Amino acid sequence: WRPVTAAETEPTYLIKSKFSQELLPDTLRMIKDITSEVGDYMSINACGGISSAEDVRAALTAKANSVQLYTALIYKGPGLVRTIRNHLLELSKNPI
């Protein structure tokens, strides 16, 4: 544990660091770990670090069945859902 610095409480820092850079890799690892243990037996909802269409695609590629927005939605607003949807549509034209 360490004290939080003033810079770490700024919305930009939170968006770029706390959930984009730190949580998403753990989320993707947990999806893969759970999938390797339970297979298709249960549905997996990816949450933690999802803030863009690329993040959604990465979670679904890792075998999540759904994704959840929380912090990104708070900081970027409800228009984020449309932005992600539109970008996913563009990405779908270029399959993985």
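Up top is the structure these notes are about.
Scope of this entry: the structure provided in the associated data block.

So, how was this worked out
Residues numbered from 1 in each chain as written. Predicted model: local features only at pLDDT ≥ 70, side-chain atom pairs only at ≥ 80, totals over all residues. Heavy atoms only, no water. Salt bridge = Lys/Arg side-chain N within 4 Å of Asp/Glu carboxyl O. Helix = DSSP H or I, 4+ residues; strand = E, 2+ residues; numbered from the N terminus. Contact = heavy atoms within 4.5 Å. Polar contact = N/O pair within 3.5 Å; in protein donor to acceptor, adjacent residues only side chain to side chain. Buried < 20%, exposed > 50% of the residue type's maximum accessible area, 1.4 Å probe, protein only. Arc of directions from axis to C-beta. Expected span 1.5 Å × (residues − 1).

### What to know about the pattern of salt bridges
Here comes step 1: Tallied over the entire structure, the rule returns three salt bridges.
Here comes step 2: Salt-bridge contacts for arginine 29 lead to aspartate 26; the nearest nitrogen and oxygen are separated by 3.8 Å. Of the two residues, arginine 29 and aspartate 26 are both situated in helix 1 (residues 11–38); the distance of three residues between them amounts to about one turn of the helix.
Here comes step 3: Linking arginine 29 and aspartate 33 is a salt bridge whose minimum nitrogen-to-oxygen distance equals 3.2 Å. Placement of both arginine 29 and aspartate 33 in helix 1 is noted, with a separation of four residues, approximately one turn of the helix.

### Side note on the environment of leucine 80
Here comes step 1: Its location among the elements puts leucine 80 in helix 4 (residues 79–92).
Here comes step 2: When the C-alpha positions of leucine 80 and serine 51 are compared, they lie 8.2 Å apart, and in sequence the two are 29 residues distant.
Here comes step 3: Filtering out sequence-adjacent residues up to four positions away, leucine 80 remains in contact with Ser51, Leu69, Ala72 and Leu73.

### A few points about the side chain of threonine 27
Here comes step 1: Of note, threonine 27 is situated in helix 1.
Here comes step 2: Within the local environment of threonine 27, its side chain forms a polar contact with the backbone oxygen of glycine 48, the two atoms lying 2.6 Å apart.
Here comes step 3: Excluding residues that lie within four positions of it along the chain, threonine 27 makes contacts with Ala46, Cys47 and Gly48.

### A closer look at helix 2 (residues 53–61)
Here comes step 1: Residues Ala53, Asp55, Val56 and Ala59 constitute the buried set of helix 2. On an axial view of helix 2, the arc spanned by its buried residues comes to 160 degrees, and they lie on one face.
Here comes step 2: The first or second residue beyond helix 2 is lysine 63, which carries a positive phi of 95 degrees.

### A look at helix 4
Here comes step 1: Between its first and last C-alpha atoms helix 4 spans 20 Å; for 14 residues at 1.5 Å apiece the expected length is 20 Å, and the two agree.
Here comes step 2: Among the residues of helix 4, those classed as buried are Leu80, Ile84 and Leu91. For helix 4, the angular spread of the buried residues around the axis is 35 degrees, confining them to a single face.
Here comes step 3: Looking at the packing, one finds that the buried side of helix 4 touches helix 2 and helix 3 (71–76).

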